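In case you want the letters, here they are:
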Amino acid sequence: MMLFRYIFLVLFLSDSLRNFHVSGCDVNCADKPVFTPSRLVVKYGDPTSATCVACQGVCHDKLFGLEKSVGDVTENGTMLYWTVGKLTDWDPSPMCYYNTDSGDQCCTTLPVIVYQPPENVSISFVNHSGPMFENSQYTLQCIVENIAPVGNLVVTFYRGQTELSRQKSSSKPQDKPVTDTFTLNVNISKEDNGAQYWCEAKLELGPEGPQPPPVVTSENITATVHYGPHLQKTGNLESIKITEGQSLQLNCSAVGNPSPSYIWTVPPESHSSFNDSVVTIKSVGFEHNGQYTCKVSSEDRTATVTFTVDVQADVIPYIITAVVIAAVVIVFVGLIVYFQYYRHNKMGHYNLKDVLSFHKRQAVPLDP
């Protein structure tokens, strides 16, 4: 009976000493244990394994071993094999060691990163729903749920395919899954109407991790921006001079969301009303002289432009009439002068007394 107890005690102490280590083990000893691989990155729930050579030659007669919180260990001389069928421990890093003659320990810890991609990634505007307004600032929020390790998380915000911001987690590093929130302030303009915002969560786990790194993206949210109205052309407050009878066009076109409406105030003498962006008068008259004011509205936002129209008389018809009259007068006067000259120089001047005297002197005397 005593012999049996002695054998049991020896076996127990031998096993206890093999697995005994002190917290202050030497990690800088000359012949420290070597793990292969030197670093592990494992997805939560996946199998994994590593090999440790406890020492190269000085520990054959020493106590050595591999301390672990999960998995199995098998030995082959000073080579130790650590295997895990399904890794469900968030901090499983095993330690390989051996005891020196002085009672110290020489050890190496295998870094094991257990990761879990996020269960969900979502994006929204903080404390806001519905349409936004230009020239205002809003806050985008990206929530990454149940991710590990959060210290390796990088979140990127996008507008369409344009990267807006890349952020690393500022949370305290933890091994277990956590939910983290990232925010980004954005200044909204009319160009953002219809733009799609989204974010992605990426686990950057180094060269030992999966390639490419695990990425989970949010759904897109489409921005609806109310803006304007913005006038495409500004009105000329100086006088727009136009000749009577010409065509007049006043352009008050504007862009906005919702689509703008137009109200025109025109000179009362024109007896016209308009509700489109462009006013067209095919032939202006003096009744169209005056100010034209266009008021553009989009929701409770307005813009106003004023045109001053100065209709001037068309002098060309008067000039043509004057030229025609002058021509007629010149022709008439010319005809009078001509006929006077013709009568004076072509027909000559005859005196009846002279004519009779000429015939009298040419008479032939009669024979007796």
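The rules behind the values
Residues numbered from 1 in each chain as written. Predicted model: local features only at pLDDT ≥ 70, side-chain atom pairs only at ≥ 80, totals over all residues. Heavy atoms only, no water. Pairing = 2+ DSSP bridges. Helix = DSSP H or I, 4+ residues; strand = E, 2+ residues; numbered from the N terminus. Axes fitted to C-alpha atoms, helices over the stretch in contact; angles between N-to-C directions. Polar contact = N/O pair within 3.5 Å; in protein donor to acceptor, adjacent residues only side chain to side chain. pLDDT = per-residue confidence, 0-100. Contact = heavy atoms within 4.5 Å. Phe/Tyr/Trp six-rings, centres within 6.5 Å; stacked < 30°, edge-to-face > 60°. Buried < 20%, exposed > 50% of the residue type's maximum accessible area, 1.4 Å probe, protein only. Disulfide = S-S within 2.5 Å.

Engineer: Hey, could you go over the sheet that holds strand β4 (residues 64-67) for me, with residue numbers and the actual values?
Structural biologist: A sheet is described by the order of its strands in space; here three strands give the open sequence β4-β7-β8, paired in antiparallel fashion. Looking along the sheet, the strands with just one partner apiece sit at the ends: β4 and β8 (105-109). Sheet twist, expressed as the average angle between the axes of neighbouring strands with direction ignored, equals 15°. As paired elements, strand β7 (residues 95-99) and β8 share five bridges and run antiparallel to each other. Residue pairing in the sheet places Tyr98 in a bridge with Cys106 of β8.

Engineer: Can you tell me about the side chain of Asn99, naming the residues and giving the values?
Structural biologist: Mapping Asn99 onto the fold places it in strand β7. Separated by 2.8 Å, the side chains of Asn99 and Gln105 make a polar contact.

Engineer: Tell me about the confidence of the model for the protein chain, and name the residues and values.
Structural biologist: In this model, the protein chain carries an average pLDDT of 84, and 83% of its residues clear a pLDDT of 70 or more. In the model, residues 1-23 has pLDDT below 50 throughout and makes 18 contacts with residues more than four positions away in sequence or in other chains.

Engineer: Can you explain the packing of aromatic side chains? Please cite residues and give values.
Structural biologist: Tallying each qualifying case throughout the model produces five aromatic pairs. Arranged with centres 6.3 Å apart and planes meeting at 75°, the rings of Phe125 and Tyr138 form a pair that is edge-to-face. Of the two residues, Phe125 sits in strand β10 (residues 120-125) while Tyr138 sits in strand β12 (residues 136-147), which places them 13 residues apart along the sequence. Relative accessible area serves as the criterion here: at 12%, Phe125 is assigned to the buried category. Taken together, a centroid distance of 6.1 Å and an interplanar angle of 25° make the contact between Trp264 and Phe307 stacked. On the criterion of sequence distance, the pair formed by Trp264 in strand β23 (residues 261-265) and Phe307 in strand β26 (residues 301-312) is long-range, its members being 43 residues apart. Grouping residues by exposure puts Trp264 and Phe307 together as buried. Following the ring pairs from residue to residue traces out a cluster consisting of Phe125, Tyr138 and Tyr197.

Engineer: Could you give an account of the state of the cysteines, with specific residues and numbers?
Structural biologist: One pass over the structure, following the stated rule, counts four disulfides. Paired by a disulfide, Cys29 and Cys106 hold their sulfur atoms 1.5 Å apart. Residues Cys29 and Cys106 are joined through a disulfide that is right-handed, its torsion about the S-S bond being 50°. Taken together, the residues Cys29 in the loop between α1 (2-18) and β1 (34-36) and Cys106 in strand β8 connect sequence positions 77 residues apart. No difference in accessibility class separates Cys29 from Cys106, as the two residues are buried. Paired by a disulfide, Cys142 and Cys199 hold their sulfur atoms 2.1 Å apart. Of note, the bridge from Cys142 to Cys199 carries an S-S torsion of about 80° and is right-handed in sense. In this pair, Cys142 sits in strand β12 while Cys199 sits in strand β16 (residues 196-203), placing the two residues 57 residues apart along the sequence. Cys199 sits in the buried class, given a relative accessible area of 0%.

Engineer: Which residues make up unusual backbone geometry, and what are the values?
Structural biologist: The omega torsion across Gln211 and Pro212 is 0°, close enough to zero to call that bond cis. Its place among the elements puts Pro212 in the loop between β16 and β17 (215-217). Here the amide bond leading from Gly228 into Pro229 is cis, since omega sits at 10°, within 30 degrees of zero. Here Pro229 is to be found in strand β19 (residues 225-231).

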